[in-house]
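Read off the chains here:
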Amino acid sequence: MASAGQRLSSVLGHLNPSSSESSGKAKLLQKNADDIVITYAGRTPLTKAKKGGLKDTQIDDLLISLLTSVRENMNIDPSLIEDVCLGNVLAPSPGYVARSSILAAGFPASSAASVANRFCSSGLLAIQNISNQITAGAIEVGLAVGAESMSTCPDNGAPPASAKVISHALASQNQQPMGQTSENVAGDFNISREAMDEFAARSFQRAEKAQKEGWTRDEIVPVEVSFTDPKTGVMTQRIINADDGIRAGTTAESLGKIRVAFPQWKPSQTTGGNASQITDGAAAVVLMKRSKAAELGVKVLGKFVQATVVGLEPRIMGIGPALAIPKVLGKVGLHRDDVDVFEINEAFASMGVYCINKLGLDPEKVNPRGGAIALGHPLGCTGTRQVVTALSELRRQDKRIAVTSMCVGTGQGMAAVFVSEH
């Protein structure tokens, strides 16, 4: 079995393809009738679990709020939505949640529902699933959603495993908590605490700037919620319209003062300041073929090109994007430098630093509005939220190509390519 390092060396060749392969950019920017396009993209604010604006909002109510906005603003007849795929990780009985929320949001009985769960990539998997159905001719129009209420649906980690799993060299690694995998990456690849804190500070600073300058306004769909004041116990109605995990004024120096979160695992460099936040949120995109969008007369926001997935050792799951990104670039014939924006989920700063360095990415192109360290990582939502963010940022920069990617618990990685058509 090839090691993760050997496989990484193999796929890194896709970051520096031949000139003939680089011509893939021109092909990618062409518009064809069978392209899978996005005609609506929006997300709720991302708010701190147990503390933020969505802390009292159940997963179905969160979905109903977002889906109602989608129905009212997607500019097509709701009956055209043939299937809705929900990316979700933590909700109990998510099939009931998905179908019931769709109906309660005003979609007709004819709109079907399913659930996708590949941990942190679930929202992107939902997009891929809907796209595949459209390409196969099973449906014409679909809705991909990612959502998570980490306030009301806690993450309890891996379940008890059988003796066969515990005794298996690879399978047993899935019993390691995510924090331990972050320390494994830092230790195995010599990622310093200073580099991790600098990476995290940049995420907070970029997110603060994006929020202050209004860059995220066209991403966010406000949510009306019932909110219980933790001090008085009084419940009131509130409109939540902004991300609330951003810590203004954060610096690498201030992050350096935070105590380590996992002293039991060496090198003990992960902290509450350089890891993703536990967060509530939801996001959605409407997909169809370009020919269908033309028939319906709806504006195309962007194009979904391709997504792919990789597997690797669970103990270093964080490096998943370093494998998945070259793989997806190779599949579509792109050079690393053809990409204008990389949205890489910041599960932990250790993996963020590693992936940027290993792939030789321009840090200015990576998470220009900040990432999960500043904004939060609602597990099932992230893969869809990244697409909403990437398309908005491409519009702001007047650029075209984005790659979204994330590491995935249990030792996987996923990546996808999108084109903005603003």
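Residues numbered from 1 in each chain as written. Predicted model: local features only at pLDDT ≥ 70, side-chain atom pairs only at ≥ 80, totals over all residues. Heavy atoms only, no water.

Caption draft 1: View of the overall build of the chain. Of regular secondary structure, the chain possesses 15 helices and 12 strands. For the chain, the C-alpha radius of gyration of 20 Å lies close to 22 Å, the compact-globule estimate for 422 residues. With respect to the principal axes defined by its C-alpha atoms, the chain has extents near 65 × 55 × 50 Å. Within the chain, buried positions represent 57% of all 422 residues. Long-range pairs, those at least 24 residues apart, make up 81% of the contacts in the chain between residues at least 6 apart in sequence. Counting every atom, the chain has about 16600 Å² of accessible surface; 50% of that belongs to carbon and sulfur. Charged side chains in the chain number 42 positive and 40 negative. The centres of these two groups are separated by 3 Å. (Helix = DSSP H or I, 4+ residues; strand = E, 2+ residues; numbered from the N terminus. Rg over C-alpha atoms; globule rule 2.2 N^0.38 Å. Buried < 20%, exposed > 50% of the residue type's maximum accessible area, 1.4 Å probe, protein only. Contact = heavy atoms within 4.5 Å. Areas by Shrake-Rupley, 256 points an atom, 1.4 Å probe, with all protein chains shown as cover. Lys, Arg positive; Asp, Glu negative; His and termini not counted. Charge placed at Lys NZ, Arg CZ, Asp CG, Glu CD.)

Caption draft 2: Highlighting empty space enclosed by the protein. Across all of its chains, the model carries 3 cavities of 30 Å³ or more by this definition. Approximately 60 Å³ is the volume attributed to the largest cavity. Examining the composition of the lining of the largest cavity, we find that 4 residues originate from one element, helix α9 (residues 193-212), more than from any other. Partitioning the lining of the largest cavity into residue classes produces 4 nonpolar, 2 polar and 3 charged. (1 Å grid on protein atoms, 1.4 Å probe; cavity = no way out; pocket = protein on both sides within 12 Å on 5 of 7 lines; lining within 4 Å. Points joined across faces, edges and corners; volume = space filled by probe spheres on them. Nonpolar A, V, L, I, M, F, W, Y, C, P; charged D, E, K, R; others polar.)

Caption draft 3: Region of interest: the pattern of salt bridges. Here the structure, examined in full by the defined rule, presents 19 salt bridges. For R336, the salt bridge identified is with D337, shortest N-O distance 3.8 Å. Residue D337 is classed as exposed on the basis of its relative accessible area of 52%. In this structure, a network of salt bridges that share partners links the residues R43, E219, D243, R369, E393 and R396. (Salt bridge = Lys/Arg side-chain N within 4 Å of Asp/Glu carboxyl O.)

Caption draft 4: The packing of helix α12 (residues 320-332) against helix α13 (residues 349-359), seen in detail. It is the contact of α12 with α13, at a shortest axis distance of 8 Å, that shows an interaxial angle of 40 degrees. In the packing of α12 onto α13, the handedness of the crossing is right-handed. Where α12 approaches α13, its residues P321, A322, I325 and P326 are matched on the opposing element by M351, Y354, C355 and L359. Its residues assigned to classes, the contact of α12 with α13 shows 8 nonpolar, no polar and no charged. (Axes fitted to C-alpha atoms, helices over the stretch in contact; angles between N-to-C directions. Left-handed = near helix turned anticlockwise from the far one by under 90°.)

Caption draft 5: The packing of α9 against α13, seen in detail. The interhelical angle for the contact between α9 and α13, taken along N-to-C directions, is 90 degrees, at an axis separation of 9 Å. Taken together, α9 and α13 sit at an angle that is classed as roughly perpendicular. Contact residues: α9 offers A195, M196, F199 and R202, while α13 offers A349, S350, G352, V353 and I356. Partitioned by chemical class, the residues of the contact of α9 with α13 number 6 nonpolar, 2 polar and 1 charged. (Parallel < 35°, antiparallel > 145°, perpendicular 65-115°, else oblique.)

Caption draft 6: Broad picture of the pairing of strand β10 (residues 341-344). The two faces of β10 match: V341 and E343 on one face and F342 and I344 on the other face are all buried. Looking at chain direction, β10 and strand β11 (residues 401-408) are connected through 4 bridges and run parallel. Bridge pairing in β11 places I344 opposite S405. (Pairing = 2+ DSSP bridges.)

Caption draft 7: Representation of the layout of surface pockets in the model. There is about 1400 Å³ of room inside the largest pocket. The wall of the largest pocket is formed by 47 residues, among which M150, D155, M178, I278 and L379 lie closest to the centre. Ranked by the residues each element gives to the lining of the largest pocket, the list is headed by helix α8 (residues 178-188), at 3 residues. Tallied by class, residues from the lining of the largest pocket come to 25 nonpolar, 17 polar and 5 charged. Its boundaries defined by the atoms lining it, the second largest pocket holds a volume of some 350 Å³. Listing elements by their share of the lining of the second largest pocket, those giving two or more residues are α3 (24-28), β9 (302-311) and α12. Sort the elements by how many residues they give to the lining of the second largest pocket and β9 lands first, with 4 residues. Residues belonging to the lining of the second largest pocket are distributed by class as follows: 5 nonpolar, 6 polar and 6 charged.

Caption draft 8: Spatial organisation of the nonpolar core. Core analysis: the biggest nonpolar cluster contains 78 residues, and V285 and L287 have the highest contact counts within it. Those residues in contact with V285 that lie beyond four places of it in its chain are I38, Y40, A41, I127, G142, L143, A144, T384, V387 and V388. The next biggest cluster of nonpolar side chains, apart from the first, holds 43 residues, and it includes V84, I102, L143 and V145. (Core = buried A, V, L, I, M, F, W, Y, C linked by side-chain atoms within 4.5 Å.)

Caption draft 9: Molecular detail of α9. Here α9 is 20 residues long and its end C-alpha atoms lie 29 Å apart, about the 28 Å a rise of 1.5 Å per residue gives. Restricting attention to buried positions, one finds in α9 the residues R193, M196, D197, F199, A200, A201, S203, F204, R206, A207, E208 and A210. Those residues of α9 hidden inside the fold are in contact with α8, α10 (252-255), α13 and α14 (372-375). The positive-phi residue at the C-terminal boundary of α9 is G214, with phi of around 80 degrees. (Expected span 1.5 Å × (residues − 1).)

Caption draft 10: Representation of the packing of aromatic side chains. Under the definition given, this model contains 3 aromatic pairs. Ring centres of F189 and Y354 lie 4.4 Å apart, and the angle between their planes is 45 degrees; this geometry places the pair in the tilted category. Separated by 165 residues along the polypeptide, F189 in the loop between α8 and α9 and Y354 in helix α13 bring together distant segments of the chain. Seen from their ring centres, F304 and F418 are 5.3 Å apart, and the 45 degrees between their planes marks the pair as tilted. In this pair, F304 sits in strand β9 while F418 sits in strand β12 (residues 412-420), placing the two residues 114 residues apart along the sequence. Using a relative accessible area of 2% as the deciding quantity, one classes F418 as buried. Its end group placed over the ring of F227, K55 keeps NZ or CZ at 4.6 Å from the ring centre. Taking NZ or CZ as reference, R396 lies 3.6 Å from the ring centre of W215, over its face. (Phe/Tyr/Trp six-rings, centres within 6.5 Å; stacked < 30°, edge-to-face > 60°. Lys NZ or Arg CZ within 6 Å of the ring centre and 35° of its normal.)

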